[in-house]
Amino acid sequence: MIGAIVTWLAQHTGVVSLIGIGAMGLSVAGLGAWLWHARRQMRAMRDLANAAFEGLIIHKNGRIVDVNVTFAHLIGWPAHVLTGTKVSDLFEVGWPRDDLPYHSANAPGTLKGMQDHIPVEMQTRRLFCGDGYVTAVRDLRQMETSRDEMHRLATHDSITQLPRRGLFIEAVNSAINYAATHHEHLAVVRMGVGFKKGRLSDVPGGRDACLMHVAQALRAMSDKTMRLGRLTEDGFALLIRECGDVEALSSHLERLLGQLQAYLKHDEPVEKDLEFKFSVAVYPFDGADGETLLKHTDSALIRDSEDIIVFYNEAMNTTRQRRFALEISLSEAIEARRIDLAFQAQACLVTGKIRGFEALARWPRQDPPVGPQEFLPIAQDRGLMQGLGRVILRRAFERLKLWPESLTMSVNLAEAQLDDPDLEKLLKGYVKEFDIQPERMCLEISEVALGDHLARHLPLLERLRILGFKLALDEFGAGLSNLHALNDFRFDQIKIARSLIAEADQDRHKGQVLGALIALGRALKSDVIGMGAQTQGEMDVLRRLGCDGVQGYALGHPVPGDRVSDFMQRYMLTMMSRVVPKSHQDPDISAQEQQL
């Protein structure tokens, strides 16, 4: 059988050849089909790699073989540019390694993007064929953003976006650490919000919208010394650093309340029906950590008190209540013009003669007595300075009318008075009513009150000068001296602050500074007065340095208006017992001023 088949094949050689060619064709066709299928698989694999959320790098011997589209977009360079690049050149910190036995766990790194550096997480595996590695690179920015958002939602109130209790306490504890090393006080304040016509949930527009308005107002008024928080359903928390003493803190909260009410007045009409209450705990007196201070604000808030501001510390409450009583009493005294004046003498340092007096406010309150160092800050904080200033000016004109024409009167104008639109009209009226030459009245503006607002007040000062009033720059040198004020406006008088005169007779450097300021004033053709001289030595230094006049306890303490004549007589008797050296006499002084 086998022999017959061999014979047949030998006789039909062409058929065998055809069969061979056909078999070869089938082999080529099979190879083409295989290549087409392989290419299709490779495209599918590349599409799969490009669809991955992570960037993929295939690398061998420390250089890139290929990358997917995601990685190219992440780093900002085309894939063909990256091929052949050293892997380490693409990373600032950490990069995939080629010397690993199999794979690496999640490893952090920083990728050098085209625009900025990108935090990434990497995982590297050896290819199954063993010829190179593949590294997956995950962009952590979105993850960090999501993590930050989750943290914000966990630590901040969703309605007001203010820190919740935990984060607020962290801020308090951090502030306490700073305050402890710098010997400062700070206050934790719980601010309750109520609705006069019912519960806060009854507010038209809803409780949440109302609290959002309050939070916006608090943000608008906060500064670097204040942090905010949201603690309870209807309450806020305030951290106030560098809060000062009880009176300063009370004044701060009163101003805050006024600003809050003014801000909310421009919002929905219902806001005027909101009411607020502050409970206060102060570090270090009421607690040494944020949790304790907050707990004590709770205790203060639940007390049966009608006060808007309640301190946890009863002694502080007593101080606060006394101040509140003084505020009411002072307001009533100003309204009824129950404000008196005391007068402190100013003398010429050449002749020793009394030139005039400065009017100083006094509150004739006996139970208990209240000095100007206490009631003037209250008037300033409570917005009473314009009213108080008007009473002082009228009292000063009344007294000046009774004095000889050779005497002058000095009156200090507070910053609030400079902003009084009726000040000029008021002064004109007093000049006419009391028939007094305006040049006998010297209006003093302190350097601190003037601040950086000279440009705003300059037109008023020019008009007052045209009216004939003398103008003085008071407390010169008490702060950062406004030399530009002396450049922009020529004051008739410059009063040098007490702090530069104290012990100038014993401190050579201080005496040199004082001499420079006096020389400056004289160069500007201004009358220079030394304020607050308390000893004969200080008066002698002022005289030797060429100062024109002096005011202070060395001449005498302030006296009531009905005792000015007695003071003048005693002073003249004292001066008559002395002899003024001729070397100290000024030839430009009139003969009358040279007489003692």
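Residues numbered from 1 in each chain as written. Predicted model: local features only at pLDDT ≥ 70, side-chain atom pairs only at ≥ 80, totals over all residues. Heavy atoms only, no water.

What follows is about the pairing of strand β6 (residues 133-139). Direction of pairing for strand β1 (residues 55-60) relative to β6: antiparallel, over a ladder of five bridges. Across the sheet, residue L56 finds its bridge partner in β6, namely A136. Pairing of strand β5 (residues 117-126) with β6, which is carried by seven bridges, proceeds in the antiparallel orientation. Bridging across to β6, R125 finds its partner in V134. (Pairing = 2+ DSSP bridges. Helix = DSSP H or I, 4+ residues; strand = E, 2+ residues; numbered from the N terminus.)

Across the sheet, which stays open at both edges, the six strands sit in the order β2-β1-β6-β5-β4-β3 with antiparallel pairing between neighbours. The sheet is open, and its two borders are formed by β2 (63-67) and β3 (91-93), each paired with just one other strand. Direction aside, neighbouring strands of the sheet carry axes that sit 40° apart on average. With six bridges joining them, strand β4 (residues 107-112) and β5 adopt antiparallel strand pairing. Counterpart to P108 in the pairing with β5 is E121. (Axes fitted to C-alpha atoms, helices over the stretch in contact; angles between N-to-C directions.)

This paragraph deals with the sheet that holds strand β7 (residues 186-195). With mixed pairing, five strands are arranged side by side in an open sheet as β8-β9-β7-β10-β11. The open sheet has two free edges, formed respectively by β8 (226-232) and β11 (309-311), since each of these has just one partner strand. Averaged over all neighbouring strand pairs, the angle between strand axes comes to 25°, with direction disregarded. Bridge count for β7 against strand β10 (residues 274-283) is ten bridges, and the pairing is antiparallel. Paired with M191 across the two strands is F278, which belongs to β10. Helix α7 (residues 207-221) rests against β7, β8, β9 (235-241) and β10 of the sheet, and its axis sits at about 165° to β8. (Contact = heavy atoms within 4.5 Å.)

Another point: unusual backbone geometry. Cis geometry is found at the peptide bond from Y283 to P284, where omega equals 10°. Mapped onto the elements of the fold, P284 is located in the loop between β10 and α9 (290-301). A positive phi is found at H183, a non-glycine position, where the angle reads about 55°. Looking at the element boundaries, H183 is found in the loop between α6 (165-182) and β7.

A separate point is the side chain of E424. Tracing the backbone shows E424 in helix α14 (residues 423-434). Ignoring anything within four residues of it in the chain, the contact list for E424 reads L460, R463 and L467.

Across all of its chains, the model carries 23 salt bridges by this definition. With a shortest N-O distance of 2.9 Å, D139 and R141 are connected by a salt bridge. The partly exposed category is assigned to D139, whose relative accessible area is 26%. On the basis of relative accessibility, which here comes to 34%, the residue R141 falls in the partly exposed class. Salt bridges here are not isolated pairs; linked through shared partners, they connect R394, R395, E398 and E433. (Salt bridge = Lys/Arg side-chain N within 4 Å of Asp/Glu carboxyl O. Buried < 20%, exposed > 50% of the residue type's maximum accessible area, 1.4 Å probe, protein only.)

Summing up the model confidence of the protein chain, the mean pLDDT is 81 and the portion of residues at 70 or higher is 81%. The low-confidence segment residues 1-26 (pLDDT under 50) makes one contact with residues lying over four places distant or belonging to another chain. Of the regions scoring below 50 in pLDDT, residues 579-596 engages in 21 contacts with residues more than four places distant in sequence or in other chains. (pLDDT = per-residue confidence, 0-100.)

Scanning all chains against the criterion turns up nine aromatic pairs. Aromatic pair F357 and F567: ring centres 6.0 Å apart, planes at 70°, arrangement edge-to-face. In this pair, F357 sits in strand β13 (residues 354-366) while F567 sits in helix α21 (residues 564-576), placing the two residues 210 residues apart along the sequence. Under the relative-accessibility criterion, F567 is labelled buried at 8%. For the pair W363 and F375, a centre-to-centre distance of 6.0 Å together with 80° between the ring planes defines the contact as edge-to-face. Residue W363 is located in strand β13, and its partner F375 is located in helix α11 (residues 372-381); the two are separated by twelve residues in the primary sequence. Both residues of the pair, W363 and F375, belong to the buried class. (Phe/Tyr/Trp six-rings, centres within 6.5 Å; stacked < 30°, edge-to-face > 60°.)

A separate point is α7. Helical periodicity: at 3.6 residues per turn, an α-helix aligns residues three or four positions apart in one direction. The terminal C-alpha atoms of α7 lie 21 Å apart, and with 15 residues this matches the ideal 21 Å at 1.5 Å per residue to within 8%. The complete set of buried residues in α7 reads C210, L211, H213, V214, A215, A217, L218 and M221. Buried residues in α7 make contact with β7, β8, β9, α8 (246-265) and β10. (Expected span 1.5 Å × (residues − 1).)

Structurally, the position occupied by A72 is in helix α3 (residues 69-75). If we ignore the near neighbours within four places in the chain, the residues touching A72 are W77, P78, A79 and L82.

Structurally, E247 can be placed in helix α8. The class for E247 is partly exposed, based on a relative accessible area of 26%. Ignoring anything within four residues of it in the chain, the contact list for E247 reads T319, R323 and E374.

Successive side chains on a regular strand alternate, one facing one side of the sheet and the next facing the other. Across the seven residues of β9, six count as buried, placing the element largely inside the fold. Bridging between β7 and β9 involves seven bridges; their strand directions are antiparallel. Paired with G192 across the strands is G235, a residue of β9.

Nonpolar side chains collect at one region of the surface, where W77, V81 and M114 lie side by side and expose about 290 Å² of accessible area between them. If you trace the backbone, V81 turns up in helix α4 (residues 79-82). On the accessibility criterion, V81 (38% relative accessible area) is partly exposed. (Patch = residues over 30% accessible without salt bridge, like charges linked within 9 Å, V, L, I, M, F, W, Y side chains within 5 Å. Areas by Shrake-Rupley, 256 points an atom, 1.4 Å probe, with all protein chains shown as cover.)

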